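What follows is each chain in one-letter form.
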Amino acid sequence: MTEYRLTGLSCAHCSEKLEREIRNLDHGSEAKIFYNTSKLILPDKVPLTAVEKILKTENVAIVNSDSSQSEDEHAHSHEHGNDKKLLIQLGISTVLFLAAFILGDKIPWGASFAIYFVAAGLSGYQTFFKGLKNLFRLKFTIDTLMTVALIGAFAIGDYKEGTVVAILFGLNEYLEGFGMRQARKSMSELLKSPLKLPIF
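Structural notes, computed from the coordinates. Every chain's residues receive numbers from 1 upward, in the order its sequence appears when written. The predicted origin of the model limits local features to residues at a pLDDT of at least 70 and limits the giving and counting of side-chain atom pairs to 80 or more, whereas totals for whole chains, interfaces and linings rest on all residues. For side-chain calculations, the full set of non-hydrogen atoms in the structure is used, while hydrogens and water are omitted.

## As for the nonpolar core
As used in this record, nonpolar core signifies buried Ala, Val, Leu, Ile, Met, Phe, Trp, Tyr and Cys residues forming a set joined through side-chain atoms within 4.5 Å. Burial classes: relative accessible area under 20% of the type maximum marks a residue as buried, over 50% as exposed, and values in between as partly exposed (1.4 Å probe, protein chains only). With 15 residues, the main nonpolar core has Leu6, Ile22, Leu40 and Leu55 as its most contacted residues. Counting from the N terminus, the helices are the DSSP runs of H or I reaching at least four residues and the strands are the DSSP runs of E reaching at least two. Breaking this core down by element, the ones donating at least two residues are α1 (12-23), β3 (39-42) and α2 (48-56). Here the element with the most residues in this core is α2; it accounts for three residues. Excluding residues that lie within four positions of it along the chain, Leu6 makes contacts with Ile33, Ser38, Lys39, Leu40, Leu55, Val60, Ala61, Ile62 and Val63. A contact between two residues is defined here by any heavy atoms of the two lying within 4.5 Å.

## Here's the deal with the pairing of strand β1 (residues 2-7)
Strands pair, by our definition, only if DSSP identifies at least two bridges between them. Bridge analysis of β1 against β3 gives four bridges, and the strand direction is antiparallel. Residue pairing for β3: Thr2 is matched across the bridge by Leu42. Relative to strand β4 (residues 61-62), β1 runs antiparallel, the two being bridged by two bridges. Bridging across to β4, Thr7 finds its partner in Ala61.

## Regarding the packing of aromatic side chains
The description of an aromatic ring pair uses the distance of the two centres, along with the angle that the planes make with each other. The aromatic pairing rule takes the rings of Phe, Tyr and Trp, using the six-membered ring of Trp, and pairs them if the centres are within 6.5 Å, calling planes under 30 degrees apart stacked, those over 60 edge-to-face and the rest tilted. Counted under the stated rule, the structure contains ten aromatic pairs. On the numbers, 5.4 Å between centres and 20° between planes, the contact of Trp109 with Phe113 is stacked. Linking Trp109 with Phe113, this pair stays in helix α4 (residues 109-136), spanning four residues, or about one helical turn. The class of Phe113 is partly exposed, set by a relative accessible area of 24%. On the basis of an interplanar angle of 85° and a centroid distance of 5.5 Å, the ring pair of Phe113 and Tyr159 is categorised as edge-to-face.

## Focus on the pairing of β3
In regular strands, side chains alternate between the two faces of the sheet. The sheet contact formed by strand β2 (residues 32-34) and β3 spans three bridges and is antiparallel. Across the sheet, residue Lys32 finds its bridge partner in β3, namely Ile41. Turn length for the β2-β3 hairpin, with the two strands adjacent in sequence and antiparallel, is four residues, and the turn residue Ser38 shows positive phi of about 55°.

## Describing the sheet that holds β4
Across the sheet, which stays open at both edges, the four strands sit in the order β2-β3-β1-β4 with antiparallel pairing between neighbours. Taken across any chain shown, the strands that pair with only one partner, and hence form the sheet edges, are β2 and β4. Here α1 sits on the sheet in contact with β2 and β3, set at roughly 165° to β2. With axes taken as lines fitted to C-alpha atoms, and helix axes fitted only over the stretch in contact, angles between N-to-C directions fall between 0 and 180 degrees.

## Quick word on helix α5 (residues 142-155)
Note on helix geometry: an α-helix contains 3.6 residues per turn, so any two residues three or four positions apart are oriented the same way. The terminal C-alpha atoms of α5 lie 20 Å apart, and with 14 residues this matches the ideal 20 Å at 1.5 Å per residue to within 8%. Looking at α5, one finds that the buried residues are Asp143, Thr144, Met146, Thr147, Leu150, Ala153 and Phe154. Among the residues trailing α5, Gly157 stands out with phi positive, at a value near 90°. Expected helix span is computed as 1.5 Å times (number of residues minus one).

## A short note on the pattern of salt bridges
If the charged atoms of two oppositely charged side chains come close together, the side chains can form a pair. Salt bridge criterion: a side-chain nitrogen from Lys or Arg within 4 Å of a carboxyl oxygen from Asp or Glu. Under the defined criterion, the tally for this structure stands at four salt bridges. When the shortest N-O distance is used, the salt bridge between Glu3 and Lys39 registers 3.6 Å. You can see Glu3 sitting in strand β1 and its partner Lys39 sitting in strand β3, a full 36 residues away along the chain. Across the pair Glu19 and Lys32 runs a salt bridge whose closest N-O atoms are separated by 3.8 Å. Placement of the pair is Glu19 in helix α1 and Lys32 in strand β2, with a sequence separation of 13 residues.

## A short note on the packing of α1 against α2
It is at 10 Å that the axes of α1 and α2 come closest, and there the two elements cross at 150°. Between α1 and α2, the crossing angle belongs to the class labelled roughly antiparallel. Between α1 and α2 lies a crossing whose hand is right-handed. Where α1 approaches α2, its residues Leu18, Glu21 and Ile22 are matched on the opposing element by Val51, Ile54 and Leu55. Relative orientations are named as follows: roughly parallel for angles under 35 degrees, roughly antiparallel for angles over 145 degrees, roughly perpendicular for angles from 65 to 115 degrees, and oblique for any other angle. Note on convention: the crossing is left-handed when the near helix lies turned anticlockwise from the far helix by less than a right angle, right-handed when the turn is clockwise.

## Side note on unusual backbone geometry
Not every positive phi belongs to a glycine, and His27 is a case in point at roughly 70°. Mapped onto the fold, His27 is located in the loop between α1 and β2. Judged by relative accessible area, which is 51%, His27 ranks as exposed.

Next comes the structure, spelled out in structure tokens:
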């Protein structure tokens with residue numbers, strides 16, 4: 001068994017999905033992903049290229065220990081970039097939604113629809129693409145359900161509600177990922193600090 005450090009692991013559900021797919025590989029039945037610490041325990045006979053291909057579907061990667069950067073620096077740079085990008089997307093989506101909502105009937109229906117569609121797309125496109133892939137594979141996850149809900153909302157004309165759902169789900173993804181990254185950072189610092197026992 002070999003332990004690997006992962007970067008880009010942003011949700012517990014994604015971890016479970018990736019773990020199931022890796023366990024379906026030859027000799028991979030004992031593989032384990034620890035979401036809280038971003039660790040992958042992998043049997044030695046499992047082909048690493050196949051594992052990396054599976055991880056890539058969720059934008060997760062194995063940290064290269066031979067990199068010129070340390071593991072902490074490598075992981076931090078990716079996560080910080082993802083945080084900033086998602087926050088910008090959510091900010092733009094919220095501004096677009098508010099603009100379309102305030103303008104209401106003052107702008108043509110087509111323009112209003114386009115603004116809501118772009119706002120929903122900015123905050124939920126990652127979930128949408130994951131959901132479509134799962135739908136074609138007949139895998140029903142939260143991403144699949146969100147995708148079906150968004151398609152249904154826009155199909156019946158409830159694009160305002162669909163946009164709000166997309167923004168809130170994107171915000172939830174950000175908060176969940178941010179909270180877990182902070183927890184990992186605290187755990188890492190705690191493990192690095194020397195243990196001090198009280199002197200009686």
